[in-house]
Amino acid sequence: MGIAFNHVAGASPRSKVSRTGARVPVQQAEFQPLPVDEVLVGDCVASLNSLPAHSVDLIFADPPYNLQLEGTLTRPDNSLVDAVDDAWDKFNSFAEYDAFTRAWLTACRRVLKKNGTLFVIGSYHNIFRVGSSLQDLGYWILNDIVWRKANPMPNFRGRRFTNAHETLIWAAHSADTKNYTFHYEMLKAGNDDVQMRSDWHFPLCTGDERLKDANGQKLHATQKPEALLARVLLAASNPGDVVLDPFFGTGTTGAVAKRLGRHFIGLERDPVYAAAARERIAGIERLSGPAVSAAPAKRTEPRVPFLALVEAGLVTPGEIVTDHSGRHRAVVRADGTLCAGPAVGSIHKIGALVQGFPSCNGWTFWHLERNGALAPLDDLRTTIRAEIAREIARAA
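Keep in mind that this is a model prediction, so the values were computed, not measured.

Run through the overall build of the protein, naming residues and quoting values.
If you tally the helices and strands in the protein, you get 12 helices and 18 strands. In the protein, which comprises 396 residues, the proportion classed as buried is 41%. Sequence-distant contacts in the protein: of pairs separated by 6 or more residues, those separated by 24 or more amount to 67%. For the protein, the computed accessible surface area is about 21500 Å², with 53% contributed by carbon and sulfur atoms.

Just give me the short version of the sheet that holds strand β7 (residues 112–122), but keep the residues and values in it.
On the basis of which strands lie adjacent, the open sheet formed by 8 strands has the order β5-β12-β11-β6-β7-β9-β8-β10 and mixed pairing. Strand pairing shows two members of the sheet lacking a second neighbour, β5 (38–41) and β10 (199–202), which therefore form its edges. Going across the sheet, the axis of each strand differs from the next one's by a mean of 20 degrees, ignoring polarity. Of the pairings in the sheet, the one linking strand β8 (residues 140–149) to β10 comprises 4 bridges and is parallel in character. Of the residues in β10, the one forming a bridge with Lys 149 is Phe 202. With respect to the sheet, helix α5 (residues 226–236) is in contact with β6 (56–61), β7, β8, β9 (165–172), β10 and β11 (242–245), its orientation differing from that of β10 by roughly 140 degrees. Across the sheet, helix α7 (residues 271–282) touches β5 and β12 (263–268), and the angle it forms with β5 is around 175 degrees.

Tell me about the pairing of β8, residues and numbers included.
The pairing of β8 with β9 spans 8 bridges and is antiparallel. The partner of Ile 145 across the bridge, within β9, is Leu 168.

How would you sum up the pattern of salt bridges? Please name residues and give values.
Under the counting rule described, the total for this entry stands at 11 salt bridges. Between Asp 98 and Arg 129 there is a salt bridge, and its shortest N-O distance comes to 2.8 Å. One end of the pair, Asp 98, is in helix α2 (residues 94–111); the other, Arg 129, is in helix α3 (residues 127–136), with 31 residues separating them in the sequence. Measuring nitrogen to oxygen at the nearest pair gives 2.9 Å for the salt bridge that ties Glu 226 to Arg 280. Separated by 54 residues along the polypeptide, Glu 226 in helix α5 and Arg 280 in helix α7 bring together distant segments of the chain.

Explain the packing of α5 against helix α6 (residues 252–259) to me, using residue names and the numbers behind them.
In contact at an axis separation of 9 Å, α5 and α6 are set at 55 degrees when each is read in the N-to-C sense. Taken together, the axes of α5 and α6 lie oblique to each other. In terms of crossing hand, the pair formed by α5 and α6 is right-handed. Residue-level contacts link Glu 226, Leu 229, Ala 230 and Leu 233 of α5 to Thr 252, Thr 253, Ala 255, Val 256, Ala 257 and Arg 259 of α6. Residue composition of the contact of α5 with α6, by class: 6 nonpolar, 2 polar and 2 charged.

Please give an account of the packing of aromatic side chains that cites residues and values.
Here the structure, examined in full by the defined rule, presents 10 aromatic pairs. When the centroid spacing of 5.5 Å and the interplanar angle of 15 degrees are considered together, the rings of Phe 119 and Trp 170 count as stacked. Of this pair, Phe 119 sits in strand β7 while Trp 170 sits in strand β9, and the two are 51 residues apart along the sequence. The positively charged end of Arg 231 is found above the aromatic ring belonging to Trp 200, 5.2 Å away from the centroid. Sitting over the face of the ring of Trp 363, Arg 381 holds its NZ or CZ atom 4.3 Å from the ring centroid.

I'd like to hear about the environment of Thr 167, residue by residue, with values.
Assignment of secondary structure puts Thr 167 in strand β9. Once you skip the residues sitting within four places of it in the chain, Thr 167 turns out to touch Val 120, Ile 121, Gly 122, Ile 127, Asp 144 and Ile 145.

Provide a residue-level description of α6, including the pertinent values.
Structurally, the α-helix is built with 3.6 residues per turn, so residues lying three or four positions apart point the same way. Along α6, 7 of the 8 residues are buried, which leaves the element largely enclosed by surrounding structure. On the buried face of α6, the contacting elements are β6, α5, β11, β12 and α7. Phi turns positive one or two residues past the end of α6, at Gly 261, with a value near 80 degrees.

Residues and numbers for unusual backbone geometry, please.
Here the phi dihedral of Asp 192 falls at roughly 60 degrees; this positive angle occurs in a residue that is not glycine. Its location among the elements puts Asp 192 in the loop between α4 (184–190) and β10. For Asn 371, which is not glycine, the phi dihedral falls at a positive 55 degrees. For Asn 371, the position within the fold is in the loop between β17 (367–370) and β18 (373–376). The class for Asn 371 is exposed, based on a relative accessible area of 86%.

I'd like a description of the state of the cysteines, backed by residues and values.
Inspection of every chain in the model, using the stated rule, returns 0 disulfides. Among the cysteines around Cys 108, which has no disulfide bond, Cys 44 carries the closest sulfur, lying 7.1 Å off. Residue classification places Cys 108 among the buried positions, given a relative accessible area of 0%.

Mind laying out the packing of α2 against α3, listing which residues take part and the relevant values?
Contact geometry for α2 and α3: axes closest at 10 Å, N-to-C directions at 45 degrees. Classified by the interaxial angle, the pair formed by α2 and α3 is oblique. α2 and α3 meet at a crossing whose hand is right-handed. Residues Phe 94, Tyr 97, Asp 98, Thr 101, Arg 102 and Leu 105 of α2 pack against Arg 129, Val 130, Ser 133 and Leu 134 of α3. Of the residues in the contact of α2 with α3, the class split is 5 nonpolar, 2 polar and 3 charged.

Each value, and the rule that gives it
- Residues numbered from 1 in each chain as written.
- Predicted model: local features only at pLDDT ≥ 70, side-chain atom pairs only at ≥ 80, totals over all residues.
- Heavy atoms only, no water.
- Helix = DSSP H or I, 4+ residues; strand = E, 2+ residues; numbered from the N terminus.
- Buried < 20%, exposed > 50% of the residue type's maximum accessible area, 1.4 Å probe, protein only.
- Contact = heavy atoms within 4.5 Å.
- Areas by Shrake-Rupley, 256 points an atom, 1.4 Å probe, with all protein chains shown as cover.
- Pairing = 2+ DSSP bridges.
- Axes fitted to C-alpha atoms, helices over the stretch in contact; angles between N-to-C directions.
- Salt bridge = Lys/Arg side-chain N within 4 Å of Asp/Glu carboxyl O.
- Parallel < 35°, antiparallel > 145°, perpendicular 65-115°, else oblique.
- Left-handed = near helix turned anticlockwise from the far one by under 90°.
- Nonpolar A, V, L, I, M, F, W, Y, C, P; charged D, E, K, R; others polar.
- Phe/Tyr/Trp six-rings, centres within 6.5 Å; stacked < 30°, edge-to-face > 60°.
- Lys NZ or Arg CZ within 6 Å of the ring centre and 35° of its normal.
- Disulfide = S-S within 2.5 Å.

As structure tokens, this is what we get:
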């Protein structure tokens, strides 16, 4: 499957400034399909450089951590710990690792849409160096997120705290990125109407989810749990979006993307991992539309002023509005304002005034009695918005 990007036939070539100051033509990139739902085998930077610019919506990167392990790691009973000692995680120096990091982050930023975001995960060995490179290259850090592991590996030598977490950095393409995807309301609703925090609690990847080789050993040393990727994709992408993973491994990002109705592009240099990822993803069933469709964000819903509720007869002039405890009261005026004593103003201004606060969301602060119970004004606004939606549907 391919999605075409980045070329208009017959367009004039762009130009750049030469070292002498003169304009010289630059050849426009050829029209090319975006290899969605495919795993590309090869060096990640070379593969990234083959993709069209500004063509992916979200990037999840799980790069080598450069763990700097020296020798074998043993338990107190002298049994060996299956630690990360693969060649792909070894670098000769911090300078070499930093150069590698800057190279793949630069290539990622070129293919990321201007309103796209990137998640990168790491441990204390590398995440601070990655964060510095992100900022140096022009990304804008939005959050750091702590993945707190429910079942971390113990510290067998007893010389340090048990390393029970990893860190994700969430970054926008640049400081100018304002309209990136973030499903705040959806995350809050799924979290029992409590704002989703930046500390996430998931177990390590174990059991049937862990891919094994022919000898029954784990196929990849750092396979991430699908639940972690699901939260990332649900939070920062929409159905139909293209999610890129430059260190695809055994395909967790692709498996979750397919299940949630997203497209993926996987870049992986190890053909064994790539083959395992393809087989894994082929067995994934895509969820139906209603199960994964994004809930509308409040800021994208039609603006409904309080006056519209009065004009629609949902609120009557002269009615008394109160806060949920009944401590504060105000009178609804015919012009859609409230009065509390001598003060007259919007539902927000009067809500702030009676509390002595600088601001207030009047839609959730003020309540009216309906059917023997107090209901926030926002419930009545929802009624208006539902009618608007029905009118749009009838007109379509």
